[in-house]
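Below, each chain spelled out in residue letters.
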Amino acid sequence: MRKLQILKTCIDLIYFFGIFTLIGMCIFVPMAIFGEAGFPIKVRGQEIEIADWGSKILLICILVSAIAFFYAILLIRRTLEFFRKRDVFNLQVIANFNKIGWCIVASALVTGIPMLIYNIIMRPKTGFEISAGLGMDSFMMSISLGLLFMVIAEAFRMAKQLKEENELVI
């Protein structure tokens, strides 16, 4: 139970700071899109000059991705509340795990694919980089994490079904 409380505290902190980040992005993105002067920003370590429509579309994709990821964090908070109440095999928990997985996968795709296209079109000297550290902002790690949540949803669905069948057997 102690681990659950630590996890809930960590997720609450991410949620709290995520609110401020999302509010800042909702203010900044329209200013960057409709503003006159193009200024550089860094996204995942890459500097992007907000001057043309491609970079503005990329910025919108990043905002949509952030909203999807924030929604996943919100669903994790709700799911942890069911765990705190020891209501683990609730249908809402299973649905939340599946939604969390889809949100994380969508967040990775909505950022990763446009970023790749932007780099191919806008940067003629795009290279290939191999690094030893696989961070949480890595495309494959995000996709894998989303798929893990979907697998957990299926495991919980099967466990709920087995529990119901077990309760019927005398």
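Residues numbered from 1 in each chain as written. Predicted model: local features only at pLDDT ≥ 70, side-chain atom pairs only at ≥ 80, totals over all residues. Heavy atoms only, no water.

A.B. asks: Talk me through the pattern of salt bridges; I want residue IDs and the actual numbers.
C.D. replies: Scanning the entire structure with this criterion turns up 5 salt bridges. With a closest N to O distance of 2.7 Å, Arg-77 and Asp-12 form a salt bridge. On the criterion of sequence distance, the pair formed by Arg-77 in helix H2 (residues 53-84) and Asp-12 in helix H1 (residues 2-34) is long-range, its members being 65 residues apart. Arg-77 sits in the partly exposed class, given a relative accessible area of 25%. Assessed through its relative accessible area of 25%, Asp-12 is described here as partly exposed. Each of Lys-8, Asp-12 and Arg-77 takes part in one network of salt bridges that share partners. (Salt bridge = Lys/Arg side-chain N within 4 Å of Asp/Glu carboxyl O. Helix = DSSP H or I, 4+ residues; strand = E, 2+ residues; numbered from the N terminus. Buried < 20%, exposed > 50% of the residue type's maximum accessible area, 1.4 Å probe, protein only.)

A.B. asks: Can you tell me about the nonpolar core, naming the residues and giving the values?
C.D. replies: Ranked by size, the top nonpolar core spans 20 residues in total, and within it Ile-76, Phe-97, Ile-100 and Phe-149 carry the most contacts. Secondary structure elements with two or more residues in this core: H1, H2, helix H3 (91-122) and helix H4 (139-168). The leading source of residues in this core is H2, at 7 residues. If near-sequence neighbours (up to four positions away) are discounted, Phe-149 is found in contact with Ile-76, Phe-97, Ile-100, Gly-101 and Ile-104. Met-25, Ala-32, Ile-33 and Leu-59 belong to the second-largest nonpolar core, a separate cluster that totals 14 residues. (Core = buried A, V, L, I, M, F, W, Y, C linked by side-chain atoms within 4.5 Å. Contact = heavy atoms within 4.5 Å.)

A.B. asks: Lay out the environment of Ala-51 in plain terms, naming residues and giving numbers.
C.D. replies: Relative to the helices and strands, Ala-51 is located in the loop between strand S2 (46-49) and H2. For Ala-51, a relative accessible area of 55% gives the class exposed. The spacing of Ala-51 and Ile-33 is 18 residues in sequence and 8.6 Å in space, taken between C-alpha atoms.

A.B. asks: Tell me about H1, residues and numbers included.
C.D. replies: With 33 residues, H1 ought to run about 48 Å at 1.5 Å a step, and its terminal C-alpha atoms sit 48 Å apart, in line with that. Along H1, the positions that sit buried rather than exposed are Leu-4, Lys-8, Ile-11, Tyr-15, Gly-18, Leu-22, Met-25, Val-29, Ala-32 and Ile-33. Summarising the contacts, the buried residues of H1 are in contact with H2. (Expected span 1.5 Å × (residues − 1).)

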